[in-house]
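# Overview (structure and organization)
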Amino acid sequence: MLDAKIPAGPLEEKWNYYKTHAKLVNPANRRKLDVIVVGAGLAGSSIAASLGEMGYNVKCFCFQDTPRRAHSVAAQGGVNACKNYKNDGDSVYRMFYDTIKGGDFRAREGNVYRLAACSASLIDQAVAQGVPFGREYGGYLNNRSFGGVQVSRTFYARGQTGQQLLQGAYQALMRQVGAGNVQLFARHEMLDLVVIEKKARGIIVRNMDTGALERHGAHAVVLATGGFGKIYYLSTLAMGCNGSAIWRAHKRGAFMANPSWTQIHPTSLPQSGEYQSKLTLMSESLRNDGRIWVPVNKDEQREPNQIPEEERDYYLERRYPAFGNLSPRDIASRAAKERIDAGFGIGPLKNAVYLDFSRAIKDQGEDKIRKKYGNLFRMYEKITGVNAYLEPMRISPAAHFSMGGLWVDYELMTTIPGLFALGEANFADHGANRLGANSLLQASIDGYFIAPYTMANYLADEIKAGPIDVRHAAFAAAEENVQQQLHLLMGIQGNLSADHFHKALGKILYDKCGLSRSKDGLEKAISDIVALREEFWQRLYVPGGYAINSELEKAGRVADYLELGELMCYDALTRNESCGAHFRTEYQTPEGEAMRNDQDFSFISAWEWTGAGKSPLLHKEPLHFEFVTPTVRSYK
Amino acid sequence: MRIRLKIWRQENEHEPGKMMSYTLEDINPHMSFLEMLDTLNEQLLKDGTRPVEFDHDCREGICGQCGIMINGRAHGPLKNTTTCQLHMRTFTDNEEIIIEPFRASAFPVKCDLKIDRSAFDRVIQSGGFIAVNTGQAPEANSIPIGSPEVEAAFDAAACIGCGACVAVCKNSSAALFTSAKIAHLALLPQGQIEAQTRVRNMVNQMDKEGFGHCSNTEACEVECPQQISVLHIARMNYEYNKAQILKK
């Protein structure tokens, strides 16, 4: 039975109780303890810097050429924090409630409350680091409202909040590297986890410049490796984002939770051709003034401006009159897919919908729109060559954020003792749908304010363990395992690229395990993925050698995606309900809305790896709602 | 469209490199520049040859990992645009495009177009931070900062660390990069306590890494995708001189 280890007692006292009762490591003993951090984005940099400051020996690994590239950098909108600076009635409880409701009541109350309760400290920390958040003229911090909540709790640094928060964490990390408390290993990818006597004791990494495999031992290992939405190939993620570290940990015994819950963002730029590598996100804020529509006629040939008002279908306004164009992300994305699938999509590939500003420009004037969204319109023109003041934008949904990830308990520890997962790499706080501006928050809170306490609680019992010897047989076996897989990949010598298989997998997942899923579709997807995986191991071609070789890096990641993708389909197949981002076509109301089933599915799905070619094993962690009552999310 | 490419190929840090020619037919003008390179690599792979290695990651202009010289211009011909945000419609049919890595002795070429920019990390390690430990921070609003001041600091903090400023400078100077971090932190009250040690350490580290001196050609600002202003270099010099005079 999975034990989330949530402290008993009132909601607002759980974390305080934990902190005051957790074990501590005295400063002299911290020097005896080694910690490995994999990933150097917001979660990884913040935990590595924090542990370095406290006096632990830290090694930090990332695949990029420097931690400042990590994809936390790309978050635009902002970071939520409950400061109530606007005096508009915000409170920790309200923030908790908004988040748990936004997640469609599929997250733990204790975790979500802690996220809200710690949020204010993040703003303090970031300001002290020099993060230039937006200010009012009196010099005090400004906020805006975001994602349909009724209060203003989103702090922002222009449209580059992620970049600025990451720089704060990066600079804190660099300070510790300079001071000799943290050793940085850039351009290293983790390829296996070493488990000794059931505890995480180290990792095997590959130096991506020289190709050399290295063994690193530690008393605890942190995975802060981000999300795996890139599994869909076309996504808003960076090209290098991958699920390999968490997947390889999964194969060593860490459970994966809710892997199929992927947020598909509604306002991305559509795919324009087969060559496309990436879908660029346009800020969701555009929906404040833009109206979304498709033509009433399927084979409409006219330019959008030539189509008269009565021949346009403003489907969000039609279906959700109360929220209209501001409906939540999962709803807006699904409605777009419904129209596109029904044949009403626009653009050369008929894969997009219009986002139209003509009425806003007419009502408010072009100047005002330019002031609000000028940078976004410029970005749109840069990428598409189209002036959106004169004709509507084309947008479409794109894979964005993994709500699922490694299963962790309240201490952010996985099912392998000593292995922690932070940020998007874990599954913990967002339920079945993440609210806007909560991702930066969760990554930072995990790294700055939660893991430093919970890891000390674990490490306190490791003081007597002594240094970890990388000559142990488990290290040799793990290294051998990695070496073999690399040889296998290089040895296939077929004629198709890793990207070829990645694109094919992405297409299967978009079609059958994306915005909407069905039993038949998922079963077909599983058999398609199995077949694709077999083809991969027969026809892949990796040119070049073991030193710098992007094709070899991609091949390893795609090999993992081909297994993870199958697990996602199993996960979606066993959840016979619709909730948040998970929409099963069999479980909908006559009006096409999601039908949640709290009676049978109020649990977290935690999957155990049982071996190659074997079905994964499902464990259920029941969700208990002591403080809130799950309700139906309605946006009509 | 048809594109003729001349690309710098170099096996590794130690071996000499050379320009190689390639031709691509049927390039879609809506492709991004890096997608054009993906297309070339797919073709090279089909021919059984080693694809071109190049740096890239987010492909939305913010991570700073991409960056190559395109026809002699850092990040290509457009202003305020990273390589990943450049599209093929900027070029003409049958145009010859010359692609080289960013070059500077502090940025050794690792393979083809991939370079080592870890010198930038070491410059930041030497002082590009405010020394605050997790948990030490006071209430955020206890440090009021005027909106114009914070916006000015932001202009400097917007640097993405791509290295275009170094690549385009005839002296391979990192003055724009280093001064942007010095200015960002010096413009904020939180950053002023360490301002003098910071500027001295960062300038010394910059010199130690082998970056050249600034001779005020201002080419860095012209090529910077984030429009970082050369006025930050003036501030760095001011802060440095002040620190030297006040040195105890």
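Before reading further, recall that the structure is shown in the block above.
Residues numbered from 1 in each chain as written. Chains lettered and ligands numbered in written order. Predicted model: local features only at pLDDT ≥ 70, side-chain atom pairs only at ≥ 80, totals over all residues. Heavy atoms only, no water.

### So, the packing of helix H3 (residues 147-157) of chain B against helix H5 (residues 175-186) of chain B
Residues and elements named next belong to chain B. Axis separation between H3 and H5 bottoms out at 8 Å; the angle between their running directions is 155°. By the angle between their directions, the pair H3 and H5 is classed as roughly antiparallel. As for the relative orientation of H3 and H5, their crossing is left-handed in sense. For the pair formed by H3 and H5, the contact residues are Ala 153, Ala 156 and Ala 157 on the first element and Ala 180, Ala 183 and His 184 on the second. Here the residues of the contact of H3 with H5 are counted per class, giving five nonpolar, one polar and no charged. (Axes fitted to C-alpha atoms, helices over the stretch in contact; angles between N-to-C directions. Helix = DSSP H or I, 4+ residues; strand = E, 2+ residues; numbered from the N terminus. Parallel < 35°, antiparallel > 145°, perpendicular 65-115°, else oblique. Left-handed = near helix turned anticlockwise from the far one by under 90°. Contact = heavy atoms within 4.5 Å. Nonpolar A, V, L, I, M, F, W, Y, C, P; charged D, E, K, R; others polar.)

### Details of helix H1 (residues 33-46) of chain B
Given a rise of 1.5 Å per residue, 14 residues ought to cover 20 Å, and the 20 Å separating the end C-alpha atoms of H1(B) matches this to within 8%. If you check which residues of H1(B) are buried, you get B:Phe33, B:Leu34, B:Glu35, B:Met36, B:Leu37, B:Asp38, B:Leu40, B:Asn41, B:Leu44 and B:Leu45. Turning to H1(B), the residues buried within the fold contact helix H16 (550-574) of chain A together with strand S1 (3-9), strand S2 (18-24), strand S3 (68-70) and strand S5 (95-101) of chain B. Looking one or two places after H1(B), you find B:Gly48, whose phi comes out positive at around 80°. (Expected span 1.5 Å × (residues − 1). Buried < 20%, exposed > 50% of the residue type's maximum accessible area, 1.4 Å probe, protein only.)

### Re the pairing of strand S1 (residues 34-38) of chain A
All names here are of chain A. Most of S1 is tucked away: four of the five residues are buried. Bridge count for S1 against strand S2 (residues 57-61) is five bridges, and the pairing is parallel. Within S2, the position partnered with Val 37 by the bridge is Cys 60. Sheet topology note: the S1/strand S9 (residues 220-223) ladder contains four bridges and is parallel. Its bridge partner being in S9, Val 37 is matched across the sheet by Val 222. (Pairing = 2+ DSSP bridges.)

### Some points on the layout of surface pockets
Estimates place the volume of the second largest pocket at around 1100 Å³. Lining the second largest pocket are 34 residues, with A:Leu234, A:Gln271, A:Glu274, A:Lys507 and A:Tyr510 positioned closest to its centre. Looking at the lining of the second largest pocket, the elements that each hand over two or more residues are helix H9 (329-344), strand S15 (393-402) and helix H14 (498-512) of chain A together with H1 of chain B. If you tally residues by element for the lining of the second largest pocket, the top one is H14(A), at eight residues. (1 Å grid on protein atoms, 1.4 Å probe; cavity = no way out; pocket = protein on both sides within 12 Å on 5 of 7 lines; lining within 4 Å. Points joined across faces, edges and corners; volume = space filled by probe spheres on them.)

### Overview of empty space enclosed by the protein
Throughout the structure, instances matching the rule amount to ten cavities of 30 Å³ or more. By volume, the second largest cavity is sized at about 500 Å³. Lining the second largest cavity are 33 residues, with A:Met239, A:Ser550, A:Lys554, A:Arg557 and B:His56 positioned closest to its centre. If you list the elements that add at least two residues to the lining of the second largest cavity, you get H14 and H16 of chain A together with H1 of chain B. The leading source of residues in the lining of the second largest cavity is H16(A), at seven residues. For the lining of the second largest cavity, the class distribution of residues is eleven nonpolar, eight polar and 14 charged.

### Notes on the sheet that holds S2(B)
Residues and elements named next belong to chain B. Taking strand neighbours across the sheet as the criterion, the five strands line up as S2-S1-S5-S3-S4 in an open arrangement whose pairing is mixed. Every interior strand has two partners, whereas the edge strands, S2 and strand S4 (73-74), have only one. Contacts from H1 reach S1, S2, S3 and S5 within the one sheet, and its direction differs from that of S2 by about 90°.

### So, the interface of chain A and chain B
Contact residues are listed per partner, giving 74 residues for chain A and 71 residues for chain B. Both faces combined, the contact of chain A with chain B buries some 6100 Å², and carbon together with sulfur accounts for 51% of it. Contact with chain B buries surface across chain A, with A:Arg69, A:Arg158 and A:Tyr275 losing the most and accounting together for 12% of the total. Summed over the shared surface of chain A and chain B, the result is six salt bridges. Scanning the region where chain A abuts chain B turns up 46 residue pairs in polar contact (both at pLDDT 80 or more). The biggest single contributor to the side of chain A that touches chain B is helix H6 (residues 161-178) of chain A, with nine residues. (Buried area = accessible area lost by both parts, 1.4 Å probe. Salt bridge = Lys/Arg side-chain N within 4 Å of Asp/Glu carboxyl O. Polar contact = N/O pair within 3.5 Å; in protein donor to acceptor, adjacent residues only side chain to side chain.)

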